[in-house]
Amino acid sequence: MGRWEPDSRGRLQEAALALYSERGFDQTTAAEIAARVGVTERTFFRHFADKREVLFGGSELLRERIVTGVAEAPEGHAPLEAVARGLDTAAALLGQGRRDLSAQRYAVIAANPELRERELAKLADYAAAVAATLRHRGVSEPQATFAAEAGMSVLRVAIERWVTSDDDLSLPIIMRDSMAELRALTAGG
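What counts and how
- Sequence order as written defines residue numbering, which begins from 1 separately in each chain.
- Per-residue local features of the predicted model are confined to residues with pLDDT of at least 70, and side-chain atom pairs are confined, for both listing and counting, to 80 or more; whole-chain, interface and lining totals are unaffected and use all residues.
- Hydrogens and water molecules were not included; the side-chain quantities draw on all heavy atoms of the structure.
- Secondary structure is summarised from DSSP: a helix means a run of H or I of at least four residues, a strand means a run of E of at least two, and numbering begins at the N terminus for each.
- With a 1.4 Å probe rolled over the protein chains alone, any residue whose accessible area is under 20% of its type maximum counts as buried; one over 50% counts as exposed, and the rest are partly exposed.
- Residue contacts follow a heavy-atom distance rule, with two residues in contact if any of their heavy atoms lie within 4.5 Å.
- Calculation of accessible area relied on Shrake-Rupley with a 1.4 Å probe; when residues are assessed, cover is drawn exclusively from the protein chains displayed.
- In this count, Lys and Arg are taken as positive residues and Asp and Glu as negative ones, while His and the chain termini are left out.
- Each charge is placed at NZ for Lys, CZ for Arg, CG for Asp and CD for Glu.
- Axis definition: a line fitted to C-alpha atoms, limited for helices to the stretch in contact. Angles are taken between N-to-C directions and run from 0 to 180 degrees.
- Less than a right angle of anticlockwise turn of the near helix away from the far helix marks a crossing as left-handed, whereas a clockwise turn marks it as right-handed.
- Here the term charged refers only to Asp, Glu, Lys and Arg, the term nonpolar to Ala, Val, Leu, Ile, Met, Phe, Trp, Tyr, Cys and Pro, and the term polar to all other amino acids, Gly among them.
- Should an angle lie under 35 degrees it is considered roughly parallel, over 145 roughly antiparallel, and from 65 to 115 roughly perpendicular; all remaining angles are considered oblique.
- What makes a salt bridge here is a side-chain nitrogen of Lys or Arg within 4 Å of a carboxyl oxygen of Asp or Glu, nothing more.
- We define a nonpolar core as any set of buried Ala, Val, Leu, Ile, Met, Phe, Trp, Tyr and Cys residues linked to one another through side-chain atoms lying within 4.5 Å.
- The term polar contact refers here to a pair of N or O atoms within 3.5 Å; inside protein, the definition further demands a hydrogen-donor-capable atom paired with an acceptor-capable atom, and it admits residues adjacent in sequence only when both atoms are side-chain atoms.
- A residue's pLDDT is the predictor's confidence in that residue, given on a scale from 0 to 100.
- To estimate the expected span of a helix, subtract one from its residue number and multiply by 1.5 Å.

Draft legend 1. Spatial organisation of the overall build of the chain. The helix and strand tally for the chain stands at ten helices and zero strands. Start at the N end of the chain and walk to the C end: the helices and strands fall as α-α-α-α-α-α-α-α-α-α. Based on the C-alpha atoms only, the size of the chain along its principal axes is roughly 60 × 35 × 30 Å. Counting all 189 residues of the chain, 40% fall into the buried class. Excluding contacts between residues fewer than 6 apart, the proportion of contacts in the chain whose partners are at least 24 apart in sequence is 65%. If you sum the accessible surface of the chain, you get close to 10,300 Å²; carbon and sulfur atoms cover 53% of it. The distance from the centre of the 24 positive side-chain charges to the centre of the 28 negative ones in the chain is 4 Å.

Draft legend 2. Seen up close, the packing of helix 5 (residues 59-71) against helix 6 (residues 79-95). Look at helix 5 against helix 6: their axes get within 7 Å of each other, and the N-to-C directions meet at 145°. Here the hand of the crossing between helix 5 and helix 6 comes out right-handed. Contact residues: helix 5 offers L61, L62, R65, I66, G69 and V70, while helix 6 offers A82, V83, R85, G86, T89, A90, L93 and L94. Looking at the contact of helix 5 with helix 6 residue by residue, the classes come out as nine nonpolar, three polar and two charged.

Draft legend 3. Seen up close, the packing of helix 7 (residues 99-110) against helix 8 (residues 113-136). Contact geometry for helix 7 and helix 8: axes closest at 6 Å, N-to-C directions at 115°. The orientation of helix 7 with respect to helix 8, classified from their angle, is roughly perpendicular. Residues R105, V108, I109 and A110 of helix 7 pack against L115, R116 and E119 of helix 8. Looking at the contact of helix 7 with helix 8, its residues break down into four nonpolar, no polar and three charged.

Draft legend 4. Highlighting the pattern of salt bridges. Inspection of every chain in the model, using the stated rule, returns eleven salt bridges. A salt bridge links R36 to E22; its shortest N-O distance comes to 2.9 Å. Remark: E22 occurs in helix 1 (residues 8-23) and R36 occurs in helix 2 (residues 30-37); sequence separation between them is 14 residues. Since its relative accessible area comes to 42%, R36 is described here as partly exposed. D100 is paired through a salt bridge with R98; the nearest N and O atoms lie 2.7 Å apart. When its relative accessible area of 42% is taken as the criterion, D100 is described as partly exposed. Among the charged side chains, a network of salt bridges with common partners joins E14, R98 and D100.

Draft legend 5. Inspection of the nonpolar core at higher detail. Core analysis: the biggest nonpolar cluster contains 34 residues, and L134, M152 and L155 have the highest contact counts within it. Sorting the residues of this core by element identifies helix 5, helix 6, helix 8, helix 9 (143-164) and helix 10 (171-187) as the ones contributing at least two each. It is helix 9 that provides the largest number of residues to this core, a total of ten residues. Ignoring anything within four residues of it in the chain, the contact list for M152 reads I66, L87, L123, Y126, A127 and V130.

Draft legend 6. A look at the side chain of S59. Take S59: it is sitting in helix 5. Within the structure, the side chain of S59 is placed 3.1 Å from the backbone oxygen of F56, a separation counted as a polar contact.

Draft legend 7. Quick peek at the confidence of the model for the chain. Taken residue by residue, the chain gives an average pLDDT of 92. The fraction at 70 or more is 96%. When the elements of the chain are averaged for pLDDT, helix 4 (residues 53-56) gives the smallest value, 92, and helix 8 the largest, 97.

Draft legend 8. Representation of helix 9 within the structure. Between its first and last C-alpha atoms helix 9 spans 31 Å; for 22 residues at 1.5 Å apiece the expected length is 32 Å, and the two agree. Within the sequence span of helix 9, burial applies to A144, A147, A148, A150, G151, M152, V154, L155, A158, W162 and V163. Turning to helix 9, the residues buried within the fold contact helix 5, helix 6, helix 7, helix 8 and helix 10.

If you want it as C-alpha cells, here you go:
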C-alpha cells in the first residue's frame, strides 16, 4: 500500500464504477476495487457494507431530502406541486455529482436485473415515504399515492434523460421539464 490519499470513499466509488463497467458487476470483487485504489479490502468495507452499496449508498439521504422538500412545500400547494418541490431538492443533490459517474452507475444498473430490481425497490420506498408525507399534509387517498408514484416516475425518467442525453442541460432543468411533461399529460385528461 502506498502513501495515504484523501477521499478514499470517492476514489473507491470511481474505481468500482470503472471495474463494473469493464468487467461487469458480478465479476468484480471488493478486493479488486480496493486494489485498484491502493487500499485494503478492510478500508473498502469501512466505507461500504457490500459492493452494491457503492451504487446505492446515498439512498437514505436522497429519500430524506425528497421527503423534506415535500413536507416544506408551502401550505395549499397541490399534491403534485408539493412533490415537485421534493424533486427539486433531489435534483439539486444529485446534480452536484459528476454526470459521467452517474451515467456509469445508470449503465451498470441497467445491465444487471438484480440491481434494476433494487433500484425499483428504492423508488418504491421513496414513493411510500412521499405518500405518507402527503397524507400528513392532508392529501387524501388515492391522490397521495398517485402523486407520489408519479413523482418517482418523473425522478427516474429525468435521471435517465440526464445521463443519456448529449445536451448540457443540468439535472434540475431536466427534472423541471419532466414534471412539466407530466402536468401537460394530466391536464389533457
